[in-house]
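One-letter residues, chain by chain:
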Amino acid sequence: MPSEILRLRASIDNIDAALVHLLAERFKLTRQVGELKAIGNMPPADPSRDAQQIERLTAIAEASGLDPDFAVQFRQFIVSEVIRRHELIAREHAGETMPELDTYA
Ligand SMILES: O=C(O)C(=O)C[C@]1(C(=O)O)C=C[C@@H](O)C=C1
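Quick caveat, the model's predicted, so the values are computed rather than measured.

(A) Local environment of a nonpolar patch on the surface. A contiguous nonpolar surface patch, about 430 Å² in accessible area, is contributed by Leu66, Phe70, Phe74 and Phe77. Relative to the assigned elements, Phe77 resides in helix 3 (residues 68-97).

What follows is the structure in structure tokens.
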């Protein structure tokens, strides 16, 4: 393998590691949001926040030379998983707070 490619791969590996660390931190924060939403009986998704984020990320992507459609798809991939987790948290929370339903079982 040419040394130039190996050198580039070393930096790619660093960036991939940073992305994983950033995603891990993001999911820690969104888990807290999910818990607060479950406690407050708020829906998992927030379309107005989605619209703000998409507008912001589109502008950042355009300014930084990244395909804005890719940036929006990447965000959607992450947020879909966030919403799936929010729904799980809401279900867990409902299970904790709902009265016993199998009285006659
Ligand atoms: O900010 C929120 O309300 C969240 O639940 C977090 C988040 C996100 O991952 O950024 C996820 C779902 C919402 O539709 C909007 C944003």
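(B) Geometry of the packing of aromatic side chains. Applying the stated criterion across every chain, the model contains one aromatic pair. One residue, Arg85, lies across the ring of Phe27, its end atom 4.3 Å from the ring centre.

(C) Structural context of the environment of Gly40. By secondary structure assignment, the location of Gly40 is in the loop between helix 1 (3-39) and helix 2 (47-64). Judged by its relative accessible area of 45%, Gly40 is partly exposed. A sequence separation of 50 residues divides Gly40 from Ala90, and the C-alpha atoms of the two residues are 10.0 Å apart.

(D) Representation of the site of the ligand. Contacts to the ligand come from 14 residues, most closely from Arg26, Lys37, Asp50, Gln53 and His86. Residue Gln53 places a side-chain N or O atom 2.8 Å away from an oxygen atom belonging to the ligand. In the environment of the ligand, an oxygen atom lies 2.8 Å from a nitrogen or oxygen atom belonging to the side chain of His86. A total of 360 Å² of accessible area belongs to the ligand in isolation, and the protein chains cover 91% of it.

(E) Broad picture of helix 1. Spanning 37 residues, helix 1 covers 54 Å between terminal C-alpha atoms, matching the ideal 54 Å at 1.5 Å per step. Within the span of helix 1, buried status applies to Phe27, Thr30, Gly34, Lys37 and Ala38. Downstream of helix 1 by one or two residues, Asn41 has phi in the positive range, about 55°.

(F) Structural detail: the pattern of salt bridges. Per the stated rule, a full pass over the model turns up six salt bridges. For Glu25, the salt bridge identified is with Lys28, shortest N-O distance 2.9 Å. In this pair, Glu25 and Lys28 are both assigned in helix 1, three residues apart and thus about one turn of the helix distant. Glu25 gets classed as partly exposed once you look at its relative accessible area, which sits at 42%. Ionic pairing is found between Arg31 and Glu35, a salt bridge with its closest N-O pair at 3.9 Å. Here Arg31 pairs with Glu35, and both are found in helix 1, just four residues apart, close to one helical turn.

(G) Spotlight on helix 2. Compared with the 26 Å implied by 1.5 Å per residue over 18 residues, the 25 Å span of helix 2 between its first and last C-alpha is a close match. After helix 2 finishes, the residue Gly65 shows a positive phi value of roughly 85°.

What counts as what
Residues numbered from 1 in each chain as written. Predicted model: local features only at pLDDT ≥ 70, side-chain atom pairs only at ≥ 80, totals over all residues. Heavy atoms only, no water. Patch = residues over 30% accessible without salt bridge, like charges linked within 9 Å, V, L, I, M, F, W, Y side chains within 5 Å. Areas by Shrake-Rupley, 256 points an atom, 1.4 Å probe, with all protein chains shown as cover. Salt bridge = Lys/Arg side-chain N within 4 Å of Asp/Glu carboxyl O. Helix = DSSP H or I, 4+ residues; strand = E, 2+ residues; numbered from the N terminus. Phe/Tyr/Trp six-rings, centres within 6.5 Å; stacked < 30°, edge-to-face > 60°. Lys NZ or Arg CZ within 6 Å of the ring centre and 35° of its normal. Buried < 20%, exposed > 50% of the residue type's maximum accessible area, 1.4 Å probe, protein only. Near = heavy atom within 4 Å. Polar contact = N/O pair within 3.5 Å; in protein donor to acceptor, adjacent residues only side chain to side chain. Expected span 1.5 Å × (residues − 1).

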